[in-house]
Amino acid sequence: MKAQLQIGLRVGASLLVLLALALFAEPMSAHKAISSGAYDSATHFLLAANLLGLAVIIFVVAANPQADTLGALAAALLIPGLVAFHQMLVSGTMPLNIHTVAGLIAIVGFGMYLMLGRTQDLSETAPARVAKKPAKKAKKKAAPKKKAKKKVAKKAKKKAAKKKRR
């Protein structure tokens, strides 16, 4: 499962890099694909820089995926997916076309894939729990201890009696 997650992480990061480079190279045409409002170059370049940063994090995690980092990446991808869903279907500020819908499906699908990979990773590394039977209580053998004490006490009395005689 780890190898499949690493491949998925690298593919997802590569797609983010391509999207960021498209935003850097052609911001005006990329704007038409992601927004129906006025063009703002600062917003586009900040979005591209954040996508590159996220891609770098994903590439680093791909080297050694752990359950905690996979969960964090899944949340980091599902939040923008939720915002894009809201922008497309509720507020209407993002155009509803094949590019945006495919992007939404890709980001939510990738986030869900990472979440499933996280649960798989947790289930593989979790220690197996075996039900233990309650241990039977051993019977106390206090009698020999009492007898030993009685013998010691008898010897001490005999010694004391001998000393009195002398």
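Residues numbered from 1 in each chain as written. Predicted model: local features only at pLDDT ≥ 70, side-chain atom pairs only at ≥ 80, totals over all residues. Heavy atoms only, no water.

Student: Please set out the overall build of the protein residue by residue, giving values where relevant.
Tutor: Within the protein, the regular secondary structure consists of six helices and zero strands. What you see in the protein, going N to C, is helices and strands ordered as α-α-α-α-α-α. Classification of the 166 residues of the protein by burial places 23% in the buried group. Of all intrachain contacts in the protein linking residues separated by at least 6 positions in sequence, the fraction that spans at least 24 positions is 69%. Of the roughly 12400 Å² of accessible surface on the protein, a fraction of 67% belongs to carbon and sulfur atoms. (Helix = DSSP H or I, 4+ residues; strand = E, 2+ residues; numbered from the N terminus. Buried < 20%, exposed > 50% of the residue type's maximum accessible area, 1.4 Å probe, protein only. Contact = heavy atoms within 4.5 Å. Areas by Shrake-Rupley, 256 points an atom, 1.4 Å probe, with all protein chains shown as cover.)

Student: Describe the layout of surface pockets, naming the residues involved and giving the relevant values.
Tutor: One number sums up the size of the largest pocket: a volume of about 1200 Å³. What lines the largest pocket is a set of 40 residues, and nearest its centre among them are Leu 19, Ile 34, Leu 47, Leu 51 and Met 94. Mapped onto the lining of the largest pocket, the elements with two or more residues apiece are helix H1 (2–25), helix H2 (27–34), helix H3 (41–63), helix H4 (67–91) and helix H5 (98–125). Residues belonging to the lining of the largest pocket are distributed by class as follows: 26 nonpolar, 13 polar and one charged. (1 Å grid on protein atoms, 1.4 Å probe; cavity = no way out; pocket = protein on both sides within 12 Å on 5 of 7 lines; lining within 4 Å. Points joined across faces, edges and corners; volume = space filled by probe spheres on them. Nonpolar A, V, L, I, M, F, W, Y, C, P; charged D, E, K, R; others polar.)

Student: Mind laying out H1, listing which residues take part and the relevant values?
Tutor: Along its 24 residues, H1 runs 34 Å from first to last C-alpha, staying within 8% of the 34 Å computed at 1.5 Å per residue. Within H1 the residues assigned to the buried category are Leu 5, Gln 6, Gly 8, Leu 9, Gly 12, Ala 13, Leu 16, Ala 20 and Leu 23. (Expected span 1.5 Å × (residues − 1).)

Student: Describe the environment of Leu 23, listing the residues and the values that go with them.
Tutor: If you trace the backbone, Leu 23 turns up in helix H1. Classification of Leu 23 as buried rests on a relative accessible area of 2%. Leu 23 has contacts with Ala 30, Ile 34, His 44, Phe 45, Leu 47, Ala 48 and Leu 51, leaving out every residue within four places of it along the chain.

Student: Lay out the side chain of His 44 in plain terms, naming residues and giving numbers.
Tutor: For His 44, the position within the fold is in helix H3. On the accessibility criterion, His 44 (5% relative accessible area) is buried. With near-sequence residues (within four places) excluded, His 44 lies in contact with Leu 23, Pro 27, Ala 30, His 31, Ile 34 and Tyr 39.

Student: Describe a positive patch on the surface, naming the residues involved and giving the relevant values.
Tutor: Taken together, the side chains of Lys 150, Lys 151, Lys 154, Lys 155, Lys 157, Lys 158, Lys 159, Lys 162 and Lys 163 define a basic patch exposed on the protein surface. Considering the arrangement of structural elements, one finds Lys 154 in helix H6 (residues 142–165). (Patch = residues over 30% accessible without salt bridge, like charges linked within 9 Å, V, L, I, M, F, W, Y side chains within 5 Å. Salt bridge = Lys/Arg side-chain N within 4 Å of Asp/Glu carboxyl O. Lys, Arg positive; Asp, Glu negative; His and termini not counted. Charge placed at Lys NZ, Arg CZ, Asp CG, Glu CD.)

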